[in-house]
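One letter stands for each residue in the lines below.
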Amino acid sequence: MESIVASASSQIDDTRHENVPRRGPPGVFVIFGGGGDLTHRLLVPALYNLASAGLLDRHFSIIVVDRADVSAADLRQSFHKSLENFVTSRGTEAVSLHDDVWTRLSSSIDCVRGSFEEAATYDTLAGKIGSQNCIFYLAVAARFFGTIVDQLGVSGLAKESGKVFRRVIIEKPFGSDLASAIALNERLLRTLDESQIYRIDHYLGKETVQNILALRFSNGFFEPLWNRDNIDHVQITAAETVGVEQRARFYESTGAVRDMVPNHVMQLLAMTAMEAPISFDADAVRDEKTKVLKAIHTVQHHDVVRGQYAAGSIKEQPVVGYRDEPGVDPHSHTETYVAMKLMIDNWRWAGVPFYVRTGKRLAARKTEIAVHFKSAPYALFRDTPVDRLTPNIMLLHIQPTEGVTLQFSAKIPGPTVHLGGVRMKFDYSEWFHEGPSTGYETLLYDCMIGDATLFQRADNIEAGWRVVQPVLEWMHAPAGLDFYAAGSEGPKAADDLLARDHRHWLKIGS
Ligand code: BG6
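Residues numbered from 1 in each chain as written. Predicted model: local features only at pLDDT ≥ 70, side-chain atom pairs only at ≥ 80, totals over all residues. Heavy atoms only, no water.

With respect to the pairing of strand 4 (residues 134-138)
Cut-off, in case you're wondering: Note on exposure labels: buried denotes an accessible area under 20% of the residue type's maximum, exposed denotes more than 50%, and partly exposed covers the range between, all computed with a 1.4 Å probe on protein chains only. Only DSSP runs of H or I reaching four residues or more are called helices, and only runs of E reaching two or more are called strands; each is numbered from the N terminus. Strands were regarded as paired on the criterion that DSSP finds at least two bridges between them.
Counted residue by residue, strand 4 has 5 buried out of 5 residues, so it is predominantly covered. Inspection of the sheet shows strand 1 (residues 27-32) paired to strand 4 by 5 bridges, in the parallel sense. Each bridged residue has a counterpart across the sheet, and for Phe-32 the counterpart in strand 4 is Leu-138. The pairing of strand 4 with strand 5 (residues 166-170) spans 5 bridges and is classified as parallel.

As C-alpha cells, then:
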C-alpha cells in the first residue's frame, strides 16, 4: 500500500511519478500445487514481472511442491511456454521476454514431489529451506488448506524465529459458508499467528480497486459528497461473458453467490463505502472494511434475485445454456447470476441502497461501480424545453477498461435551453504507462515485504460470509431461480428489483 499513497499524491502537480519500491527480502517461495493452472497462468508470470522490475532479491528461489511426477527441468520448460503466452502488458502492445531475467529466475526453481498429507514431503521441504525466510503459497483445492497448514505446524516449518519469517498465502474459496469459514480460520490459527496468514482476493490486486481508496481519500472534493445527503444509490456490477468453462465440478457446488459475492463483490463494496482509516496501516484499513460489512442489514429474501443462463449468443456466436454445459446436471439449480439490494445501517449510508449484481454469460465483460448522485432541483428548468435532468453518475471502471468517468449535464449550444448528458473520462492506460502486470505482482510483493493491507483478515472474511449466509440458507429450495438468455443483461427479475424503487440498472452491453 505504500505505493498507492505515494503515487496518488504525486499526481497533484501533474508530474508522472516514478515509484521506486525497495527490493523484496531474500527467501524461498514454495508453491503447493505448483504444477497447476494458477501457477502457470499467474504466479510464475507475476514473479517474472517482479524479477524484471528488479524487485526480487538475488537470493530468491522457488520450490514447487506437487503430487505429479515431474522434474524441475520439465517444470521450467512448461512455465517458459506459458510465460510466453501470459506475460501481458497493460495495453495491447506485445511484450517480449527478457531471456536473462527468465534464465536467472528459472535456474532458481526446484521441486519436491510428494503428497500434501505425508510428513515425508515436509521433511524434504524443510531440508531444502533450512533457516531461510519462506512464503508458502497454497495453490491447491480448498480441502487441502487445513491439512497443509497442520503439516507445516507439525514439521516446524511454520515457526518464525528472530527475523526469519514464515508466511502462508491462501487462495479462495475460503470456506463454503459462514460456519466453514469460521472453522477454517480456527484451524489455521491453531498453527499460525494471524500476522502470518495472507488470505488472497485477486480483486485487491487490480490497480483500479486499489485506486478507489486513493481517489476517495487523497482528493478533497469527493469525500464531502460521499454520503446519504448527496448519493441516491450505488450500483456494483461484476459481469462476465464467459460461461462455466471447464469448471463445472467446482461451480455446480459453488454457484455465483459463493464464488463472487462474499469475496470480490464485498471487497468492492467495502472499498466504496468504508470510512477513512486513520492510516494505511494494514489493520487500520481492515478494521474499517470489516466495520462497514458488519453494518450491512440482514438481506431480505425479496431483495435477492438468482438467475441461471439459458442458451443464447455471445459475440454473435450461439452458446448453450448452463444445464447443457459439459459436467453440469441437466436439472441443476446452481445460480450463475445474482443481484442483491443491500442497505448499510450507519450514519453515512442509511437509506442509500447498494445494488450489486454478478453473473456469467452476460452481455459484456464489465466490472464497475456506479455512484449515482441525487438530482439537482428541477424548478429552474420548469419553463424550458428541458423535461428532466441527466443524473450525475461517477463511474469507477475496474475492468476491462480502467478509469473514472463523471457524467453530468451541459447546455447544448444554441439559442434555446436544451441540456445534454456529457461524460468526462480519465483513462488509466492513457495517463500512466505501467509495466506488464497479471494483477498478482502487488499482492506477492506485499506479502514479501510483510504488508497485509490488501489481504483479508479473519474477521473480514467472516463478515463477507455473514452477508450472504441468509441467501445460502434459502437456496436449497429449487424455487426462485430466474432464467436469462446468454448474452443478455440478466434476468428480468433483476430489472424488477430496481424498478420497484423507481430506478434502473446501467446497461452492461453497449
Ligand atoms: C474468480 C471466480 O474468483 O473470479 C471466477 O472463481 C471468475 O468464476 C473470476 O470468473 C473473475 O475474475 P476476473 O478477474 O476475471 O474478474
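Considering the pattern of salt bridges
Convention followed: One side-chain nitrogen of Lys or Arg within 4 Å of one carboxyl oxygen of Asp or Glu is enough to make a salt bridge.
In total, this model carries 21 salt bridges according to the counting rule given. Taking the shortest distance from any N to any O, the salt bridge between Glu-194 and Arg-199 comes out at 2.8 Å. Since its relative accessible area comes to 1%, Arg-199 is described here as buried. Salt-bridge contacts for Arg-457 lead to Asp-287; the nearest nitrogen and oxygen are separated by 2.8 Å. With Arg-457 in the loop between helix 13 (441-449) and helix 14 (458-474) and Asp-287 in helix 11 (residues 282-294), this pair connects stretches of sequence that are 170 residues apart. Connected through shared salt-bridge partners, Asp-283, Arg-286, Asp-287, Arg-457 and Asp-459 make up one network.

A short note on the pairing of strand 1
Basically, it comes down to this: Throughout, right-handed denotes a crossover for which the path from the first strand over the helix to the second runs clockwise when the strands point away from the viewer.
In terms of residue burial, strand 1 counts as a mostly covered element, since 6 of its 6 residues are buried. Burial of the side chains of strand 1 extends over both faces: Gly-27, Phe-29 and Ile-31 are buried on one face and Val-28, Val-30 and Phe-32 on the other. Note that strand 1 and strand 2 (residues 60-66) share 6 bridges and pair parallel. For Gly-27, the partnering residue across the bridge sits in strand 2 and is Phe-60. Regarding the hand of the β-α-β motif, the stretch spanning strand 1, helix 2 (residues 37-52) and strand 2 is right-handed.

Quick notes on the packing of aromatic side chains
As a reminder of what qualifies: For Phe, Tyr and Trp, rings pair up if their centres lie within 6.5 Å, where Trp contributes its six-membered ring, and each pair is then called stacked (planes under 30 degrees apart), edge-to-face (over 60) or tilted (otherwise). For a Lys NZ or an Arg CZ to count as sitting over a ring, it must be within 6 Å of the ring centre and within 35 degrees of the ring normal.
What the rule picks out here adds up to 17 aromatic pairs. Aromatic pair Phe-29 and Phe-60: ring centres 6.2 Å apart, planes at 40°, arrangement tilted. With Phe-29 in strand 1 and Phe-60 in strand 2, the pair connects residues that are 31 residues apart, well separated along the chain. Of the two residues, Phe-29 and Phe-60, both sit in the buried class. Here Trp-349 and Phe-354 contribute two aromatic rings whose centre-to-centre distance is 5.1 Å and whose plane-to-plane angle is 90°, an arrangement assigned as edge-to-face. Here the two residues Trp-349 and Phe-354 agree in accessibility, since each one is buried. An aromatic cluster is built from Phe-32, Phe-116, Tyr-122, Phe-136 and Phe-144, whose rings are joined through pairwise contacts. Over the face of the ring belonging to Tyr-203 we find Lys-206, whose NZ or CZ atom lies 4.8 Å from the ring centre. A cation over an aromatic ring shows up here: Arg-361 above the ring of Tyr-309, its NZ or CZ 6.0 Å from the ring centre.

Description of the site of the ligand
Rules: The cutoff for a nearby residue is simple: one of its non-hydrogen atoms must lie within 4 Å of the molecule or strand. Throughout this description, a polar contact denotes any pair of N or O atoms lying within 3.5 Å of each other; where both atoms belong to protein, one of them has to be capable of donating a hydrogen while the other can accept it, and for residues adjacent in sequence the pair is counted only when both atoms sit in side chains. In these tables, accessible area is a Shrake-Rupley quantity obtained with a 1.4 Å probe, and a residue counts as shielded only by the protein chains included in the view. Residues are grouped as follows: nonpolar covers Ala, Val, Leu, Ile, Met, Phe, Trp, Tyr, Cys and Pro; charged covers Asp, Glu, Lys and Arg; every other residue, Gly included, is treated as polar.
The environment of the ligand is made up of Lys-172, His-202, Tyr-203, Lys-206, Glu-240, Arg-247, Asp-259, His-264, Lys-360, Arg-365 and Gln-399. The separation between an oxygen atom of the ligand and a polar side-chain atom of Glu-240 is 2.5 Å. One of the side-chain nitrogen or oxygen atoms of Asp-259 is found 2.5 Å away from an oxygen atom of the ligand. A total of 390 Å² of accessible area belongs to the ligand in isolation, and the protein chains cover 82% of it. Split by residue class, the shell around the ligand holds 1 nonpolar, 3 polar and 7 charged.

Digging into the nonpolar core
What counts here: The criterion is simple. A nonpolar core is a set of buried Ala, Val, Leu, Ile, Met, Phe, Trp, Tyr and Cys residues joined through side-chain atoms within 4.5 Å. The contact rule is simple, with two residues in contact once any of their heavy atoms fall within 4.5 Å.
By size, the foremost hydrophobic cluster in this structure holds 147 residues, and its most contacted members are Phe-32 and Tyr-137. Ranked by residues supplied to this core, first place goes to helix 10 (residues 255-273) with 11 residues. When neighbours within four sequence positions are excluded, Phe-32 is seen to be in contact with Val-65, Phe-116, Tyr-122, Leu-125, Phe-136, Tyr-137, Leu-138, Ala-139, Val-140, Ile-148 and Leu-152.

Here we look at the layout of surface pockets
Test applied: Points on a 1 Å grid, built from protein atoms alone, make a cavity when a 1.4 Å probe fits but cannot get out and make a pocket when they are open with protein on both sides within 12 Å along at least 5 of 7 lines; residues with an atom within 4 Å of a point are the lining residues. Grid points are joined across faces, edges and corners, and a volume is the space filled by probe spheres set on the points.
As a volume, the second largest pocket reaches approximately 380 Å³. If you go around the second largest pocket, you meet 16 residues; those closest to its centre are Asp-232, His-233, His-372, Pro-391 and His-504. Here the lining of the second largest pocket is composed, by residue class, of 5 nonpolar, 6 polar and 5 charged.

Details of the sheet that holds strand 17 (residues 481-485)
Defined as follows: Only the contacting stretch of a helix is used when fitting its axis, a line to C-alpha atoms as for every element, and angles between N-to-C directions run 0 to 180 degrees.
Taking strand neighbours across the sheet as the criterion, the 9 strands line up as 16-15-14-13-7-12-11-8-17 in an open arrangement whose pairing is mixed. Two strands lie at the open edges of the sheet, namely strand 16 (419-427) and strand 17, each paired on one side alone. This sheet shows a mean twist of 20° between the axes of neighbouring strands, independent of strand direction. The pairing of strand 11 (residues 337-343) with strand 12 (residues 353-359) spans 7 bridges and is classified as antiparallel. Paired with Leu-342 across the two strands is Phe-354, which belongs to strand 12.

Quick notes on the packing of helix 8 (residues 207-217) against helix 10
A packed helix pair is summarised by two numbers, namely the angle formed by the two axes and the spacing between the axes. Rules: The cut-offs work like this: below 35 degrees is roughly parallel, past 145 is roughly antiparallel, 65 to 115 is roughly perpendicular, and the gaps in between are oblique.
It is the contact of helix 8 with helix 10, at a shortest axis distance of 9 Å, that shows an interaxial angle of 10°. The angle between helix 8 and helix 10 falls in the class roughly parallel. Every residue of helix 10 that contacts helix 8 at Val-209, Gln-210, Ile-212, Leu-213 and Arg-216 is listed here: Leu-268, Met-271, Thr-272 and Ala-273. Looking at the contact of helix 8 with helix 10 residue by residue, the classes come out as 6 nonpolar, 2 polar and 1 charged.

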